[in-house]
Amino acid sequence: MIGAMQGRIISMMASLAALAPSVAHAEDSDAEKPAVAVSYNAAIVSDYRFRGLSLTDRKPAAQAGIDLAFRDGFYLGTWTSNVANTGGSHVEVDLYGGYGGSFLGFDYTAGALGYVYPDSKGVN
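What comes next is a walk through the structure.

**So, unusual backbone geometry**
Then, number 1: For Asp 57, which is not a glycine, the phi torsion comes out positive at approximately 55 degrees.
Then, number 2: Its place among the elements puts Asp 57 in the loop between β3 (53-54) and β4 (61-70).
Then, number 3: With a phi angle near 50 degrees, Leu 104 is a residue other than glycine that sits in the positive phi range.
Then, number 4: For Leu 104, the location among the structural elements is in the loop between β6 (89-103) and β7 (106-116).

**Overview of the side chain of Asn 82**
Then, number 1: Secondary-structure assignment places Asn 82 in strand β5 (residues 74-86).
Then, number 2: Among the polar contacts listed, one links the side chain of Asn 82 to the backbone oxygen of Pro 60, at a separation of 3.4 Å.

**Here's the deal with the environment of Ala 62**
Then, number 1: Within the secondary structure, Ala 62 sits in strand β4.
Then, number 2: Sequence separation between Ala 62 and Ser 46 is 16 residues; the distance between their C-alpha atoms is 9.1 Å.

**Some remarks on the pattern of salt bridges**
Then, number 1: Tallied over the entire structure, the rule returns two salt bridges.
Then, number 2: For the salt bridge of Arg 71 with Glu 32, the shortest nitrogen-to-oxygen distance reads 2.1 Å. Of the two residues, Arg 71 is situated in the loop between β4 and β5 and Glu 32 in the loop between α1 (4-23) and β1 (36-45); the sequence distance between them amounts to 39 residues.
Then, number 3: Among the residues examined, Glu 32 registers a relative accessible area of 61% and is labelled exposed.
Then, number 4: With a shortest N-O distance of 2.9 Å, Asp 47 and Arg 49 are connected by a salt bridge.
Then, number 5: You can call Asp 47 buried: its relative accessible area is 19%.

Reading the values: rules and limits
Residues numbered from 1 in each chain as written. Predicted model: local features only at pLDDT ≥ 70, side-chain atom pairs only at ≥ 80, totals over all residues. Heavy atoms only, no water. Helix = DSSP H or I, 4+ residues; strand = E, 2+ residues; numbered from the N terminus. Polar contact = N/O pair within 3.5 Å; in protein donor to acceptor, adjacent residues only side chain to side chain. Salt bridge = Lys/Arg side-chain N within 4 Å of Asp/Glu carboxyl O. Buried < 20%, exposed > 50% of the residue type's maximum accessible area, 1.4 Å probe, protein only.

Remember, this is a structural readout, not a statement about activity or role.
Here it is, written out as structure tokens:
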């Protein structure tokens, strides 16, 4: 039986998959970059592991993410996965954003990342 949050993750993944034909296209190298580029990902994996540890008690995980990259160098994104009970939550949501560019021939990126466990106590 799929829990309510896992059901929402699977529903979100299906919605993202439905967008694939309308978003995916080849870009002309000479064409101007769009004001906002959208990319997304979705997966069902046999085990969600982070640094060698299973975060799903060796059970499958449904995962999905979406990223926005702006022409001026800013980016925002989110990624989510189901997890084993983590402080009362069964979902991990990663939120990130930042800015990247080039200076004197060097590429740089400055960003922030936060891991959020909705409805958890003392874990975020």
